[in-house]
Amino acid sequence: MNTPDLSPQRILIVEDEAKIAALLADYLQAAGYETQVLGDGAQALPLLRQSPPALLVLDLMLPGLDGLSLCRELRQFSALPVLMVSARVDELDRLLGLELGADDYLCKPFSPREAVARVRALLRRAQGRLPGLVAPGPQAMEGGYAVDEAGQRLFWQGQALQLTPLEFRLLRLLLRHPGRVFSRAQLLEQLHEDFRDVSDRVIDSHVKNIRRKLAQLSPPQEPVSAVYGVGYRLDL
Ligand code: CA
């Protein structure tokens, strides 16, 4: 019988505002996590490679290397959960639309309790993934879905969905943020480098195809719904 690993999970906090970092570290430690704080983005990258934590709390505006670039670099070699924090709501909103690899976002000022709750939820979701590595096979998501990043495929209950690359990106975004409404413009940003000349009705036709393909696998309910006058939302 394997002995369960009871050592505390380590959370790396990359945040240059010392007070916020200390407060977060206190609350996370009280919740049973081990913490490590870095104030410089450039220092974080080698650490993330050599000794990956269980989760990264990442500030957006940082000296050295900003949070966005750091997250992008990290995603080249790691799938570890990232909770992005920023004082700029508009910036967070844009990031969420662009889907640059963070798993969740928190706006400053946030309550440390809320941060701990988000960390806990992200770690729970990440269970089953290989720590610090991009898993070679499909990774389980909520609702019976799984995503295979390397093979650019999505599965539902083990059945492969035959999706085009654009449909794959759209559905993956919706699956990563169940319950969140995305506008057509936000979804379009996923699909085209330059979407100014593209009608956002293009999204409707992609979503229509995704729903048709999902329906062939007969999930218990229609997961993707249109939100009148706004866009689309996926519910699990
Ligand atoms: Ca900062």
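Parameters at a glance
- One numbering rule holds for all chains: residues counted from 1, following each sequence as written.
- The predicted origin of the model limits local features to residues at a pLDDT of at least 70 and limits the giving and counting of side-chain atom pairs to 80 or more, whereas totals for whole chains, interfaces and linings rest on all residues.
- With hydrogens and water stripped out, all remaining heavy atoms of the structure feed into the side-chain values.
- DSSP bridges decide pairing: two strands pair if at least two such bridges lie between them.
- By the criteria applied, helices consist of DSSP H or I runs no shorter than four residues and strands consist of E runs no shorter than two, each listed in order from the N terminus.
- Between the N-to-C directions of two axes lies an angle of 0 to 180 degrees, each axis being a line fitted to C-alpha atoms and, for a helix, fitted only over the stretch in contact.
- Whether a residue is buried, partly exposed or exposed follows from its accessible area with a 1.4 Å probe, protein chains only, as a fraction of its type maximum: under 20%, in between, or over 50%, in that order.
- Between two residues, a contact is recorded if the distance between any of their heavy atoms is within 4.5 Å.
- Each pair of aromatic rings taken from Phe, Tyr and Trp, with Trp reduced to its six-membered ring, is defined by centres within 6.5 Å and is described as stacked if the planes are under 30 degrees apart, edge-to-face if over 60, and tilted in the remaining cases.
- Whether a charge sits over a ring comes down to the Lys NZ or Arg CZ being within 6 Å of the ring centre and within 35 degrees of the ring normal.
- Any helix carries an expected span of 1.5 Å times its number of residues minus one.
- In this context, the arc is that of the directions from the helix axis out to the C-beta atoms.
- Counted as coordinating are nitrogen, oxygen and sulfur atoms within 2.8 Å of the metal, or 3.2 Å for Na, K and Ca, while water is not included, which may make sites look incomplete.

**Student:** Explanation requested: the sheet that holds strand 4 (residues 82-86) in the structure shown.
**Tutor:** Strands pair in a sheet through their backbones, by hydrogen bonds, and they do so in one of two ways: parallel or antiparallel. Spatially, the five strands line up as an open sheet ordered 2-1-3-4-5, and their pairing is parallel. The outermost strands of the open sheet, each flanked by one partner alone, are strand 2 (34-38) and strand 5 (104-107). Across the sheet, the axes of successive neighbouring strands diverge by a mean angle of 20°, strand direction being ignored. Examined bridge by bridge, strand 4 and strand 5 share four bridges and lie parallel to one another.

**Student:** Can you help me understand the environment of Ala-140 in this one?
**Tutor:** In this structure, Ala-140 sits in strand 6 (residues 139-140). We classify Ala-140 as exposed; its relative accessible area is 64%. Setting aside residues no more than four positions away along its own chain, Ala-140 makes contact with Tyr-145 and Ala-146.

**Student:** So what exactly am I meant to see when it comes to the packing of aromatic side chains here?
**Tutor:** Each aromatic ring pair is summarised here by two numbers: the centre-to-centre distance and the angle between the ring planes. The full count for this structure, using the stated rule, is one aromatic pair. Between the NZ or CZ atom of Arg-49 and the centre of the ring of Phe-77, over which it lies, the distance is 4.1 Å. Between the NZ or CZ atom of Arg-180 and the centre of the ring of Phe-182, over which it lies, the distance is 4.9 Å.

**Student:** What is the right way to look at helix 1 (residues 18-30) in this model?
**Tutor:** Note that an α-helix has 3.6 residues per turn; residues three or four places apart therefore point the same way. The terminal C-alpha atoms of helix 1, which comprises 13 residues, lie 18 Å apart, in line with the 18 Å expected from a rise of 1.5 Å per residue. Of all the residues in helix 1, the buried ones are Ala-21, Leu-24, Ala-25 and Leu-28. Along the axis of helix 1, the buried residues cluster in a sector spanning 100°; they form a single face. Summarising the geometry of helix 1, the exposed residues directed more than 90 degrees from the buried face are Lys-19 and Ala-30. In this structure, the buried side of helix 1 is in contact with strand 1 (10-14), strand 2, strand 3 (55-59) and helix 5 (112-126). Looking one or two residues beyond helix 1, the residue adopting positive phi is Gly-32, at roughly 100°.

**Student:** Honestly, the coordination of the calcium ion in this entry has me stumped. Any pointers?
**Tutor:** Under perfect tetrahedral coordination by four donors, a metal shows angles of 109.5 degrees; under perfect octahedral coordination by six donors, it shows angles of 90 or 180 degrees. Coordination of the calcium ion by the protein is provided by Asp-16 (OD), Asp-59 (OD) and Met-61 (O), with metal-donor distances spanning 2.1 to 2.3 Å. The sequence pattern formed by the donor residues of the calcium ion is D-x42-D-x1-M. Judged by relative accessible area, which is 49%, Met-61 ranks as partly exposed.

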